[in-house]
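# Coordinate inspection notes
What follows is each chain in one-letter form.
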Amino acid sequence: MTWFLPGLLFCAMAQTVLLGPLSVWGIRPDLFLLLVFLVSQGCNPEVATLLGFLIGLCQDGLSGGPLGLHAFTDSLLGFLAARLGHHMYTDKPLALFWILLGGSAAAGGITLGLLTFFLGPRLLLPALLRVIAPEALYTAAVGLLILWLPRIRAALIRSA
Amino acid sequence: MSLLLRLLARYRRAAILTSALVLSFLLMTLQVRHETAVVTFTRQTLLFVVSPFIKVTAATIQGVTGVWRDYVDLRAVREENRRLQFEATTMKRRLEQLQNQAMETQRLERLLAMRQASQAEFLTARVVGKDATNWFKTVLLDRGSLEGIRRNQPALAPDGLVGRVVEVTLTSAKVQLLTDPVSAVGGLIQRTRVTGIVSGNLGAGARVSYLPLMADVAVGDEVVTSGMGGVFPKGILIGRITSVERNSGALFQEATLQPAVDLSRLEEIFILTNLDIREGFESGTASRP
């Protein structure tokens, strides 16, 4: 947990500054969501909920959306990820990719639901095609890379 | 009391989750009509704490990129014939400088014309960060209330309208782009003087809605600010119509709009600082339920 605050700060800087040039059709991976996923793996659901809330609040502070939008989503996902932690542990990269994709798509769906509830109806298809699906794919791919990079490196060292 | 504590201890997991969700929901509810002091304070505190790090990161990246470019240039010069390469590079750079100067002059001329037309005072701010989500379109500026930036001031680029300031701390400000899904700007079709509302289109530019069904709207029409609402001065170019939709049975027609400014490549923004800003009076935000 000692790396939580530095991690949060890094995510804030990366998401707002560093990822700009890496955006594809204006879509960037959601690093805050990956942070929620990462911190939830090492703690109980209560702590994961609170940390998810803080991460979401920070993301909302740096966004144009209403405060609490991502705090809601991230605290819920933090809770679920920590609760299902041991079920979600897998060595297979494809399975991990699907888990991340599902989590990210679920987060997008919850966000869309909340936006519709608070700010009026949103068109489902454009939201799905232009934001939720590309963001989920990009986030899952980056998440897989981050989670598998240490393993790939270890495998390379072993083979050398 | 002890029973309550025991119940809380027993169901603490559910209690914490419910509290977090209810608190988030409450925060969002507080902002539906207008922002409360609690929400504004929380937002500004978060921005105030994080923005210095963002500024430092942006400056570092700019510096590193510059050094890297210089290094690459140096290696290229060594590999080539030194004298000829030097001459070619010098001439190329001279040409680039002249082209840049010409572009800069054009930009300043347009800015001067805009300034003279609107009798406005401008403040230049650098874009240091983008929105932390893919749902909203805002940018973070390196200047804040210390330099005179206030909420609801219009943000412009030499080519046209960018958006408006939605949040200000002492040293930074957040600008809501006109492509943000909750942004709304009163627009006027330049050719036919028909008015409509320009709002963000969730990841695909902007759209003009509430155009009268029988109004003459065509692809390529320029849309400027209507001046209604008291936030944006009249006559600033917003963009051009790229398609018009007339659905049978609908009361209004809609059009998609390509913003005049390339909002994905913003580096500098001009903030109009001497307008009479009336907060809460058509503040440039889309209608909420």
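Conventions we followed
In this convention, every chain numbers its residues from 1, walking through the sequence in written order. Each chain gets a letter, beginning with A, and each ligand a number, beginning with 1, in the order they are written. Only residues with pLDDT of at least 70 are given local features in this predicted model, and only at 80 or more are side-chain atom pairs given and counted; all residues enter the totals for whole chains, interfaces and linings. Numbering of helices and strands runs from the N terminus; a helix is a DSSP stretch of H or I covering at least four residues, while a strand is a stretch of E covering at least two. Within these notes, the globule rule equals 2.2 Å times the number of residues to the 0.38 power, and the radius of gyration is based on C-alpha atoms. Counting other C-beta atoms within 10 Å of its own, a residue is labelled buried from 20 upward, exposed at 12 or fewer, and partly exposed in the gap between, with every C-beta atom placed from the backbone. Residues are scored as being in contact if the C-beta atoms we place from backbone atoms lie within 7 Å. When DSSP locates at least two bridges between a pair of strands, those strands are taken to pair. To get an axis, a line is fitted to the C-alpha atoms, and for a helix only the part in contact is used. The angle between two axes follows their N-to-C directions and goes from 0 to 180 degrees. For every residue, the predictor states its confidence as a pLDDT score lying anywhere from 0 to 100. Among buried residues, those of type Ala, Val, Leu, Ile, Met, Phe, Trp, Tyr and Cys that are joined through C-beta atoms within 7 Å form a set called a nonpolar core.

## Considering the overall build of chain A
Regarding its fold elements, chain A presents seven helices and zero strands. Starting at the N terminus and walking to the C terminus, you meet the elements of chain A as α-α-α-α-α-α-α. For 160 residues, the compact-globule formula gives about 15 Å, and the C-alpha radius of gyration of chain A, at 16 Å, lands near that figure. Projecting the C-alpha coordinates of chain A onto the three principal axes gives extents of approximately 55 × 35 × 30 Å. Buried residues in chain A amount to 48% of all 160 residues.

## Topic: the interface of chain A and chain B
Contacts between the two partners involve 44 residues from chain A and, on the opposite side, 46 residues from chain B. In terms of residue count, helix H3 (residues 45–61) of chain A provides more of the side of chain A that touches chain B than any other element does, eight residues in total.

## Details of the sheet that holds strand S6 (residues 184–189) of chain B
Residues and elements named next belong to chain B. If you trace the six strands once around the closed barrel, you get S6-S7-S8-S11-S10-S9, paired in antiparallel fashion. Sheet twist, expressed as the mean angle between neighbouring strand axes with direction ignored, is 40 degrees. Bridge analysis of strand S8 (residues 206–212) against strand S11 (residues 252–259) gives five bridges, and the strand direction is antiparallel. The residue of S11 that forms the bridge with Arg207 is Thr256.

## Here we look at the confidence of the model for chain B
All names here are of chain B. Confidence along chain B averages 81 in pLDDT terms, with 87% of residues attaining 70 or more. When the elements of chain B are averaged for pLDDT, helix H4 (residues 82–118) gives the smallest value, 72, and strand S5 (residues 173–177) the largest, 92. Contacts from residues 277–289, a stretch scored under 50 in pLDDT, to residues over four places away or in other chains number 30 contacts.

## Here's the deal with the sheet that holds S5(B)
Residues and elements named next belong to chain B. The six strands lie next to each other as S1-S2-S5-S4-S3-S12, forming a closed barrel whose pairing is antiparallel. In this sheet, neighbouring strand axes are inclined to one another by 45 degrees on average, regardless of whether the strands run parallel or antiparallel. Summarising the sheet, strand S1 (residues 122–130) and strand S12 (residues 268–272) pair through five bridges and their orientation is antiparallel. Note on S12: the bridge partner recorded for Ala125 is Ile269.

## Quick word on the nonpolar core
Membership of the largest hydrophobic core comes to 102 residues, with the highest contact counts inside it found for B:Val162, B:Val175 and B:Ile238. Looking at which element gives the most residues to this core, the answer is helix H4 (residues 69–83) of chain A, with nine residues. When neighbours within four sequence positions are excluded, B:Val175 is seen to be in contact with B:Thr138, B:Val139, B:Leu141, B:Ala155, B:Val162, B:Gly163, B:Arg164, B:Val165, B:Val166 and B:Ile269.

## Structural notes on the environment of B:Ser243
Residues and elements named next belong to chain B. As for its position among the elements, Ser243 is in strand S10 (residues 237–245). Given 11 C-beta atoms within a 10 Å radius, Ser243 is considered exposed. Placed 36 residues apart in sequence, Ser243 and Arg207 show a C-alpha to C-alpha distance of 9.4 Å. Not counting chain neighbours up to four residues away, the residues in contact with Ser243 comprise Val219, Ala255 and Thr256.

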